Amino acid sequence: MSADIKPSYLFVDEDPLQLSALRRLLRDLPGTKRSATSGEEALLMAEAEPPSVVVAAYILPGMDGLSLLAALRAKTPGLLCGLHTTQLPARDILPPDVTVLLKPCPPERLRAFLMSGSATAAK
């Protein structure tokens, strides 16, 4: 990819207030930012335009965040995945390629994770 390609972020949480807070916090981050309130909605959005970075809540309507991330990664290899949750999932179900962002996630940690996706998209 050329250096002028911007990353595409997809945030998934059933709570519209969480999504709104993420949008406000990250409004100056370059790239496309989309949000979904369910796993099914996120899958449809990703089908239309694959994201380069996904941050999903663990508890979602219809499917859990880990199942969503696995489905998205199967369609988009190299996808950077973050799980935004209040509790760590059991180690035996947490894939090694998913970054856990414990709520409340410090803004600088979230931004660092997302910026690592920006660097990946620019390659």
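Reading guide: rules and limits
Residues numbered from 1 in each chain as written. Predicted model: local features only at pLDDT ≥ 70, side-chain atom pairs only at ≥ 80, totals over all residues. Heavy atoms only, no water. Axes fitted to C-alpha atoms, helices over the stretch in contact; angles between N-to-C directions. Helix = DSSP H or I, 4+ residues; strand = E, 2+ residues; numbered from the N terminus. Parallel < 35°, antiparallel > 145°, perpendicular 65-115°, else oblique. Left-handed = near helix turned anticlockwise from the far one by under 90°. Contact = heavy atoms within 4.5 Å. Phe/Tyr/Trp six-rings, centres within 6.5 Å; stacked < 30°, edge-to-face > 60°. Pairing = 2+ DSSP bridges. Right-handed = clockwise from strand over helix to strand, strands pointing away. Buried < 20%, exposed > 50% of the residue type's maximum accessible area, 1.4 Å probe, protein only. Core = buried A, V, L, I, M, F, W, Y, C linked by side-chain atoms within 4.5 Å.

The next thing to look at is the packing of helix α2 (residues 39-48) against helix α3 (residues 65-75). Packing of α2 against α3 brings their axes to within 10 Å, and their N-to-C directions diverge by 15°. Classified by the angle their axes make, α2 and α3 are roughly parallel. Seen from above, α2 lies across α3 with right-handed handedness. Here α2 contributes Gly 39, Ala 42, Leu 43, Ala 46 and Glu 47 to the contact with α3, which in turn contributes Leu 68, Ala 71, Leu 72 and Lys 75.

On to the packing of aromatic side chains, then. The full count for this structure, using the stated rule, is 1 aromatic pair. Seen in terms of ring centroids, Tyr 9 and Phe 11 are 6.3 Å apart; in terms of plane orientation they differ by 15°. Their pairing is stacked.

A few words on the pairing of strand β2 (residues 32-36). Remember that side chains alternate between the two faces of the sheet whenever the strand is regular. Taken together, the 5 bridges between strand β1 (residues 8-12) and β2 define a ladder with parallel strand orientation. Each residue of the ladder has a partner; that of Val 12, found in β2, is Ala 36. Crossover handedness for the path β1 to helix α1 (residues 16-25) to β2: right-handed.

Time to look at the side chain of Thr 76. Residue placement: Thr 76 occurs in the loop between α3 and β4 (80-85). Using a relative accessible area of 19% as the deciding quantity, one classes Thr 76 as buried. Sequence-distant contacts of Thr 76, defined by excluding residues within four places in its chain, comprise Pro 50 and Pro 51.

We now examine unusual backbone geometry. Of the consecutive residues Lys 103 and Pro 104, the connecting peptide bond is found in the cis state with omega at -10°. With respect to the secondary-structure elements, Pro 104 resides in the loop between β5 (98-102) and α4 (107-122).

Our next topic: the nonpolar core. In terms of nonpolar packing, the biggest core is built from 18 residues, with Val 12, Val 54, Leu 68 and Leu 69 touching the most fellow members. Secondary-structure elements contributing two or more residues to this core are β1, α2, β3 (53-57), α3 and β4. A total of 4 residues in this core trace back to one element, the largest contributor, which is α3. Beyond its immediate stretch of four places on either side in the chain, Leu 68 contacts Val 12, Gly 39, Ala 42, Leu 43, Ala 56, Leu 60 and Met 63. Ranked by size, the runner-up nonpolar core spans 13 residues in total, among them Leu 26, Leu 29, Cys 105 and Leu 110.

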